[in-house]
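Here is what each chain is made of, one letter per residue.
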Amino acid sequence: MRRPGHRQPLKQQLGGVKAMFARLSIAVIVLVICMLMLITTMSSSNSNGPSAEIDAETLWGTADSKGWRPSSAPRSDWPPPPSESNGYLRVRCNGGLNQQRSAICNAVLAARIMNATLVLPELDANSFWHDDSGFQGIYDVEHFIKTLKYDVRIVESIPEIRKNGKVKKIKAKQIRPPRDAPISWYTTEALKTMKEHGAIYLTPFSHRLAEEIDNPEYQRLRCRVNYHALQFKPHIMELSNSIVNKLRTQGHFMTIHLRFEMDMLAFAGCFDIFFPEEQKILKKYRQENFAEKRLVYDERRAIGKCPLTPEEVGLILRAMGFDNSTRIYLAAGELFGGERFMKPFRSMFPRLENHSTVDTTGELGKNTRGLLGSAVDYMVCLLSDIFMPTYDGPSNFANNLLGHRLYYGFRTTIRPDRKALAPIFIGREKGHTAGFEEAVRRAMLKTNFGGPHKRISPESFYTNSWPECFCQKSAVNPADKCPPDDIQDILESQLENEGISDFDASRSNLTSAVDK
């Protein structure tokens, strides 16, 4: 035991001093970065150069396509699935609706890679939504199978086989695939197990196939699944269209994915703007759901890692030239912190709509947090004139929509650069209001409003499938040239020659695999 008044060894004292200086250094660096960014932004906005102007009216139209058009049809030799497959592929897609959507795209591609018969993907009922609707309850199964008939065989369940006069079920061998597994894993380990057992069951199946694949035809298959085959059931499409039509009766409308919700705030580690009791809730949620990590609010906010508050979203839109007559549909769950965070936004943009105000059927009121509510929000955001995600980084909903709107005809998106905007908002809170809106406009002018642009990591393929899933009629690069107009006839002819409707050969092949 150390005696009272006894000093610690010099080495320990120096260690403590070093640790203290290290922490101070981080804080100083963050402060300096913020001040430099703020000074640079503000000085440029107050310079004698031309002012930053954004014509909000033009944003209601689509972005400049630069001659590109969406196209996911094959452009090189793409034979139909052989009459004999190597076995059945089952997958369980975990996560929310849009994480599951990406997993379904990967499942189809995995089946193509392995020459497997895909069993209709399972949607995890025990995920965040606690919704057991399943694939058949959300998507149009017939449309899904028909659209992909040139690419993979799809069945609703593994069929029973007859052996020695008895009916026998093929039991799928369960495998946990590696995260972001390369194609080689599927063509070796997964395929070997499939041939041994006749069927494999990959679970969980979220992010289990690498996104960046050096094969444009494989990437185009993902687009065919995502933007053509995955169509919501008719009643969901009808409900979505009725909401969109109602919103359009008074002109243009914008959708905002206001990701100011408990799970995202806890993930980001942005607690300090909340009351102590609210902070306890967020910290508890983070501890239970995310890995332990040292997160300092001021540091996180300074580098744009915190979700934008509703007020900050309103300030961005107002600086861009949108006025209080703008009609906005909010696609969001329950906002954390309640009305006190919405009040400033509502005062700037009072014409707000959501599920409860536009759904006259009352169907969504019973299922606002389920897959149905998410599906309807997805379609309304897809069909809106402008879409604005406020925290697109880790949000599957926002990322998929950005990619879908790009493919749907370069529909306008407003993507705030939180890192560039952070010092501007921090400066405003400290009283530096001169040139604020000019600085916001300058930051926003450096972003992309929905036109074709190069995909740069960490941007996801599902967020931006350009150039693989786009083409040009008069392309300089032959790889970018659009496929022939009769590509559908070519694929149909190949399908007929292969005799794809004959399942007997495939089933006998699987029987021999099971007998081994």
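Because the structure is predicted, anything quoted here is derived from the model rather than measured.

One finds Leu89, Phe144 and Tyr186 to be the most contacted residues of the largest nonpolar core, which totals 74 residues. Ranked by the residues each element gives to this core, the list is headed by helix H2 (residues 97–114), at 11 residues. The residues that make up this core include at least three from each of domain 1 (88–228) and domain 2 (234–472). Once you skip the residues sitting within four places of it in the chain, Leu89 turns out to touch Ala107, Ala110, Ala111, Met114, Ala116, Thr117, Leu118, Val119, Met194, Ile200 and Leu202.

Such a bond, covalent and formed between the sulfur atoms of two cysteines, is termed a disulfide. Evaluation of the coordinates by the stated rule reveals three disulfides. Through a disulfide, Cys223 is tied to Cys469; the S-S separation comes to 2.0 Å. Measuring the twist about the S-S bond at about 95°, one finds the Cys223-Cys469 disulfide to be right-handed. One end of the pair, Cys223, is in helix H6 (residues 216–229); the other, Cys469, is in the loop between helix H17 (436–445) and strand E14 (470–471), and 246 residues separate them in sequence. Here Cys471 connects covalently by a disulfide to Cys482, the sulfurs 2.0 Å from one another. The S-S bond linking Cys471 to Cys482 shows a torsion near 85°; that makes this disulfide right-handed. Placement of the pair is Cys471 in strand E14 and Cys482 in the loop between E14 and helix H18 (487–498), with a sequence separation of 11 residues. Comparing Cys471 with Cys482 shows no difference in burial state: the two are buried.

The parallel open sheet is built from four strands, whose spatial order is E12-E11-E10-E13. Looking at the sheet topology across the chains shown, the edges are occupied by strand E12 (352–353) and strand E13 (386–389). Two elements, strand E11 (residues 328–330) and E12, share two bridges in a ladder whose sense is parallel. Residue pairing in the sheet places Tyr329 in a bridge with Glu353 of E12.

The rules behind each value
Residues numbered from 1 in each chain as written. Predicted model: local features only at pLDDT ≥ 70, side-chain atom pairs only at ≥ 80, totals over all residues. Heavy atoms only, no water. Core = buried A, V, L, I, M, F, W, Y, C linked by side-chain atoms within 4.5 Å. Buried < 20%, exposed > 50% of the residue type's maximum accessible area, 1.4 Å probe, protein only. Helix = DSSP H or I, 4+ residues; strand = E, 2+ residues; numbered from the N terminus. Domains from an automatic or database assignment. Contact = heavy atoms within 4.5 Å. Disulfide = S-S within 2.5 Å. Pairing = 2+ DSSP bridges.

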